[in-house]
Amino acid sequence: MTHVIAEPCIDTKDTACVDVCPVDCIHEAADGSSPMLYIDPVECIDCAACVPACPVDAIFEESDLPSQWNKYTQINADFFAGGGAAAPAAAAAGGGAAAAPAKKAAPEPEPMPEPLELTVEEMYKELSEIREDVATNRGREEEGKSTKRSPTLIFLAAAVILLVVYGISNNFSKSVNTSLYGKLSAFALGDKKPTLSGSVYSVNQTIGGKKYTLLVSDSIFGGRTLQLQAPAGPIQKIYHKDEKFFDNVSNQYSRYYYTFVDDKSDGTVDSILQVREIWSKENRFLGRYHNPITPNPELQKSYQEAAKTLAKQFGIAGAESGA
């Protein structure tokens, strides 16, 4: 069973339903010429998230579609069967046959370059001089002419070399980071050497019924980020303007957690993200809301305790003292 957009959408095309669709199955013509929006019956998962979002009540489950609008089931399907081309207004309003899409005009050919005009004197120039004149007239560089090396390119090449050397040397300093957080990031990376594309490694651990995730990203240019996702205790409500559209989704629940980011892996939190995820009871992801908050002593302590809990579980020295 699918959902169908009917006549009230014509000339309205409010896209609130598009914003809340979890599978992105609501479309209009690419050039905006279609008079209404359409639901792809193949991609629709019948979640009903779009129904309360429609301000003109134009969306119905197929079995609940009013009889006077039965033809819109076929109109929605025909729109996608035709490759998503703009549905004619006559078809949307009265059910007429779809018109063939207009053919694109062939591009105009580029004008031919102006012919080379030579005077009698120029006809008796040296062959090398004539070749240079012809190249200039046609907008090309002279054949065989050596290209001068640009000082800018030389400077950029030298800067890149210096940056790579700096990055490699900076990775040596990370290898001797003996703090608890440095050890945690080294553990997550599995002692892998950084590559030009960087390294990313994560560890998931459930401790005391709570899930902890450690994510470390390492770059050849010296950047290392240790991100600790720890379960939240009491958490303030994260509100989003579209949250009301999930109120009618049955069996939905929320997951809350903090994501701590420690850019230098030194135990000092550089940024904190408060996260709320909405999932259905069937474990289908519905939405995620982020709330950046300023680090404070209480959250810093929460981060350190979560790091020590993980380090102790991993058997990393220093977990007891927090060194």
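A quick note: this is a predicted structure, and the numbers were derived from the prediction, not measured.

## Here's the deal with the pattern of salt bridges
Right, on to step 1. Per the stated rule, a full pass over the model turns up 2 salt bridges.
Right, on to step 2. Between Glu28 and Lys13 there is a salt bridge, with its nearest N and O atoms 2.9 Å apart. Taken together, the residues Glu28 in the loop between strand 2 (26-27) and strand 3 (38-39) and Lys13 in the loop between strand 1 (3-5) and helix 1 (16-20) connect sequence positions 15 residues apart.
Right, on to step 3. The salt bridge involving Glu277 is made with Arg288; its shortest N-O contact spans 3.0 Å. Residue Glu277 is located in strand 9 (residues 271-280), and its partner Arg288 is located in strand 10 (residues 285-293); the two are separated by 11 residues in the primary sequence.

## Thoughts on the pairing of strand 7 (residues 224-231)
Right, on to step 1. Burial along strand 7 is one-sided: the residues Arg224, Leu226, Leu228 and Ala230 are buried and none of Thr225, Gln227, Gln229 and Pro231 is.
Right, on to step 2. The pairing of strand 6 (residues 210-218) with strand 7 spans 6 bridges and is antiparallel. Along strand 7, the bridge assignment pairs Leu215 with Gln227.

## Points about the pairing of strand 9
Right, on to step 1. Judged by how many residues are buried, strand 9 sits mostly within the fold: 8 of 10 residues are covered.
Right, on to step 2. Between strand 9 and strand 10, which pair antiparallel and follow one another directly, the connecting turn spans 4 residues, one of which, Asn283, has a positive phi of 65 degrees.

Parameters at a glance
- Residues numbered from 1 in each chain as written.
- Predicted model: local features only at pLDDT ≥ 70, side-chain atom pairs only at ≥ 80, totals over all residues.
- Heavy atoms only, no water.
- Salt bridge = Lys/Arg side-chain N within 4 Å of Asp/Glu carboxyl O.
- Helix = DSSP H or I, 4+ residues; strand = E, 2+ residues; numbered from the N terminus.
- Buried < 20%, exposed > 50% of the residue type's maximum accessible area, 1.4 Å probe, protein only.
- Pairing = 2+ DSSP bridges.

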